[in-house]
There are 2 protein chains.
Amino acid sequence: MSSTAATDLIFGLTRIVGLPALTDRAGAPLSAADIAQIVEEADRFCREVLQPNAQAADRQGAVYANGTVTTPYRDAYAKWMEGGWQSLSAPVEHGGQGLPASLWTAMTELGMAADTSFMLGPLLTAGAIDCLVHHATPDQAARWLPPMVSGEWTGAMCLTEPNAGSDLGVLRARAEPLGEGKYALHGQKIYITWGEHDCTGNILYLVLARLPDAPPGSKGISLFATTKVKADGTRNALRCGGIERKMGIHASPTCVMLFEGAEAELVGEPHRGLPAMFAMMNNARLGVGTQGVAHGAAALRLAEAYAAMRVQGGRPIADHPDVARMLMEMRSVTLAARLLALETAACVDRHALLGDAAAQNRLALLTPILKAWGTDRGVETASTGIQVHGGMGFVEDAGAAQVLRDARIAPIYEGTNGIQAIDLLVRKLAKDGGAEMRALLDEVKRVPDARLRAAAAALEAATGTVLAAQGRDADAGQSVAVAYLDAAGWVLGGWMLARAAAEDPSAYGPAADFYLRRLLPRATGRFAEIEGALAA
Amino acid sequence: MSSTAATDLIFGLTRIVGLPALTDRAGAPLSAADIAQIVEEADRFCREVLQPNAQAADRQGAVYANGTVTTPYRDAYAKWMEGGWQSLSAPVEHGGQGLPASLWTAMTELGMAADTSFMLGPLLTAGAIDCLVHHATPDQAARWLPPMVSGEWTGAMCLTEPNAGSDLGVLRARAEPLGEGKYALHGQKIYITWGEHDCTGNILYLVLARLPDAPPGSKGISLFATTKVKADGTRNALRCGGIERKMGIHASPTCVMLFEGAEAELVGEPHRGLPAMFAMMNNARLGVGTQGVAHGAAALRLAEAYAAMRVQGGRPIADHPDVARMLMEMRSVTLAARLLALETAACVDRHALLGDAAAQNRLALLTPILKAWGTDRGVETASTGIQVHGGMGFVEDAGAAQVLRDARIAPIYEGTNGIQAIDLLVRKLAKDGGAEMRALLDEVKRVPDARLRAAAAALEAATGTVLAAQGRDADAGQSVAVAYLDAAGWVLGGWMLARAAAEDPSAYGPAADFYLRRLLPRATGRFAEIEGALAA
């Protein structure tokens, strides 16, 4: 029997984003049955291999000693590799299965819900693979991609430095040319997820650094690749200097990485490192938005089980009206976010498989909304999950607290949610004067629900309002960017649920009805906030 | 120099709730200077003794071994006792200073913000003192109160059992009469805050249990008092069976307490234990609502310091528009909650010091709103504080994560926030048909701000709506109770800030303006939700 999440993912992939038709048009048809089989297998792997280990992994945590990191994942990772899961959506020419990005999104949700700390390793590897597919030379790709696609190596992204977080322009890591296309990397990187671990024999690092002749600022940053173990089998001059003690994702090592003359190669053009990383960012942010869905799903699974079993006042608390309200809120918002993640991932597929250029604009618009709204909902739903448990929710044994502790990083990494809101306003809406948003809202308005249409019209008006504010005074515009993004998320979540209800009223009608009655009004509150903030 | 919180508390006590005039009328005048001196001393104690130890205390945690619990608080507690802080608002006839409850509320906020785990001990002791003052015989009071008021003993409340949480009617602990007014207590209690520790030589437990002839359900519960060490100096038959591993408040031992024939005395009338505990509940819930304020204040202190120091893009992040928005949100909502806590505490004082019966009704109405809205805001503000820190917020060293971990219990204990909302609807509003709420809203409408008046009118309309729904269908009413309470919190928070701004426009005008523009609209969203939920 598959989980509710898997059932919903299969429904979303086949009947909402239309993956069978999309892959058919691309000449590599996946039937509804194929999709169901893959998602169900992924679900089984996550429930049987990852989930049973997640709580013990949190307690044990990643352990640092003398440059090495011990994780609780050697067995689970070996099974991940054996199952070939890393290769799911990697290109066939590099040893991958070439399946759609939206299927990888489903796998990401299931894996993150089962054990976030574990799944971060494969997610970062997938990001590094994606980057190399686009920017490595054929020779580099031939050396690096096969072991990464098989899972024999993991990948790590090394961007942040102590003084360079959201502002990468000031980073200081440097690369000295050694001749013959080799460079020596020097510098310190922080917050490196799975930067060191004991699950594979080698790790490939993508590192942003400056060449000696680099102009200052963000235009002088290049991208390099270096490996823990060199091609000749010797250790490279890089090491882990320590790991962070964090609120959550305890078993995912968050490393300080020290590059002490590590032999590296340039990836892509000199000084073009930031654009190369930014090109990958939509996919990475889609992955983090999907984590928000996963945390909602994990919280819901625990809360539903507890509320069905815990009796107070002579009936299971699931039947108490306010607990029923909380569960319904968790269910409907998680489903809305799940479908929005698939809608966003399908844009990747429409672009990659069909060459649909319009899908790129849609992806660019949806990505910051999914990342920020999805992860804010993940945190909120995780917190509601604790509340359903009462006192037991605060006790670590129940698992609900771990979901919140693990979820709380998602609104921060891969660009804080504040950065997402500014990206939406400044780089997406302002770029085309809101045209792509209006086109999207025209689609939303085609759904025959008066509440949703009114909300879409209000979002269209708010789009004009925030763009005008941004034009007059950039700071004023940015100060309402989070409120605007949040409103957009609530409206688009309602759109996804209304479509699901239209497609299968008996299965999805109740969640859609609850959402449109009770959660869509949160957009109303945000519109009033934007008005109030910008009033003279 | 005192903290911002202390400055605001002094302002609130003297100029908003008018404690000098109130105490003058009561014949025990406290001048503005007296109030400032007490709050500043409390602030100094918290900043110098509690706060520097809080992070280390979290890491060390309370440690259980063979029935004993070791805390990191032996030194801090000794200083708490030396300072006589426990006696602040205890009655003079039992060795206390007899100061107003609103001053104890100020102390609670400062202590909870400095170290929640520590301050829980004194808070529970204060609750036990309050209970004994009202229900103990003169003989019992003479034996028990002096060592509790001095801090020589702590107090613990033993209500919850594994199957009896929100529903205390099903609890099973029992008391066997031993003759001569003594009883033997048998049973297991869970979630006992500071149930065992190494800070004092004795602990007094208030325990709910059944007498042999007790009727079933909540009408058969009596209240007993028992002590760890008996009057003859020997150990009583009770012990700590273990402590919980929790998400936060790691250094506050949350104990399983085993009563194995412990010698006890009845407190109050047989079978009247629940009413005796419920009478204490307003004060206990006021204390927990104040914790919400404290967590907001602690988060704000850390976030402001970090945002002033952390430079990105050539300026401190405090100057980035969205970070400035987050800080302003944290500041204004915390100030609103702080003043609402003082307004609520002042009702206790008006009743106790002036015999003002109307203040009891106001207290009954405000208490669930403060408890639930205040603690929800504490969690939200703590989470925003993490967000201000970016990646560093998720790293435990920064302290921001601990604030959220510690804050997350407050919406749960002392009656979950869902229970508060039902209490507000069923026991407060329905009891008088909303009359007290209308009287309060008439006061709110006297503030000359169009936005606040409109919000008050909308809350009045919503009061009628939810009462009507509740009358038709109790489940429907209860399913919107949380939304209603939340809306009431936002409106009353705006009321407090508008009064503060009227009193001192230069100091409090900016926070009030921000709140009325940007946060009061959250009530609008909640009104729309209530409408949507109850629509046919």
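Named according to an unreviewed UniProt entry, chain A is Acyl-CoA dehydrogenase originating from Roseomonas nitratireducens. Turning to chain A, the UniProt annotation filed under Cofactor (unreviewed entry) states: "FAD".

Notes on the interface of chain A and chain B
Each partner contributes to the interface: chain A provides 60 residues, whereas chain B provides 60 residues. Overall, the association of chain A and chain B removes approximately 5,200 Å² of surface from exposure, summing both partners, and the carbon and sulfur fraction of that is 53%. The largest per-residue losses of area from chain A upon contact with chain B belong to Met247(A), Phe394(A) and Arg518(A), which jointly make up 15% of the total buried on that side. Inspection of the region where chain A meets chain B yields two salt bridges. Among the salt bridges present, the one from Glu529(A) reaches Arg518(B), with a minimum N-O distance of 2.7 Å. In this structure, the connection of chain A to chain B is made through 34 residue pairs in polar contact (both at pLDDT 80 or more).

Overview of the packing of aromatic side chains
Residues and elements named next belong to chain A. Here the structure, examined in full by the defined rule, presents 28 aromatic pairs over all chains. Measuring from centroid to centroid gives 6.1 Å for Tyr73 and Trp194, while their planes differ by 10 degrees, and the two rings are stacked. Of the two residues, Tyr73 is situated in the loop between β2 (68-70) and α5 (74-82) and Trp194 in the loop between β5 (182-193) and β6 (202-209); the sequence distance between them amounts to 121 residues. A residue is classified by how much of its surface remains accessible, and Tyr73, at 0% relative accessible area, is buried. Through pairs of rings, three or more aromatic residues link up here, namely Phe45, Tyr73, Tyr77, Trp80, Trp85, Trp104, Phe118 and Trp194. Residue placement shows Arg143 over the ring face of Trp144; its charged tip is 5.2 Å from the ring centre.

Notes on the environment of Asn202(A)
All names here are of chain A. Looking at the secondary structure, you find Asn202 in strand β6. Taking the relative accessible area as the measure of exposure, Asn202 reaches 7% and is therefore buried. Sequence spacing of Asn202 and Ala488 is 286 residues, and the spatial spacing of their C-alpha atoms is 42 Å. Beyond its immediate chain neighbours, meaning those up to four positions away, Asn202 contacts Glu152, Trp153, Thr154, Thr227, Lys228 and Val229.

Details of the side chain of Gln291(B)
Residues and elements named next belong to chain B. Within the fold, Gln291 resides in helix α8 (residues 273-309). Overall, the relative accessible area of 0% leaves Gln291 in the buried class. Excluding residues that lie within four positions of it along the chain, Gln291 makes contacts with Met112, Thr116, Leu120, Leu123, Ala410 and Tyr413.

Definitions and cut-offs
Residues numbered from 1 in each chain as written. Chains lettered and ligands numbered in written order. Predicted model: local features only at pLDDT ≥ 70, side-chain atom pairs only at ≥ 80, totals over all residues. Heavy atoms only, no water. UniProt positions renumbered as here; feature names shortened; annotations may be inferred. Contact = heavy atoms within 4.5 Å. Buried area = accessible area lost by both parts, 1.4 Å probe. Salt bridge = Lys/Arg side-chain N within 4 Å of Asp/Glu carboxyl O. Polar contact = N/O pair within 3.5 Å; in protein donor to acceptor, adjacent residues only side chain to side chain. Phe/Tyr/Trp six-rings, centres within 6.5 Å; stacked < 30°, edge-to-face > 60°. Helix = DSSP H or I, 4+ residues; strand = E, 2+ residues; numbered from the N terminus. Buried < 20%, exposed > 50% of the residue type's maximum accessible area, 1.4 Å probe, protein only. Lys NZ or Arg CZ within 6 Å of the ring centre and 35° of its normal.

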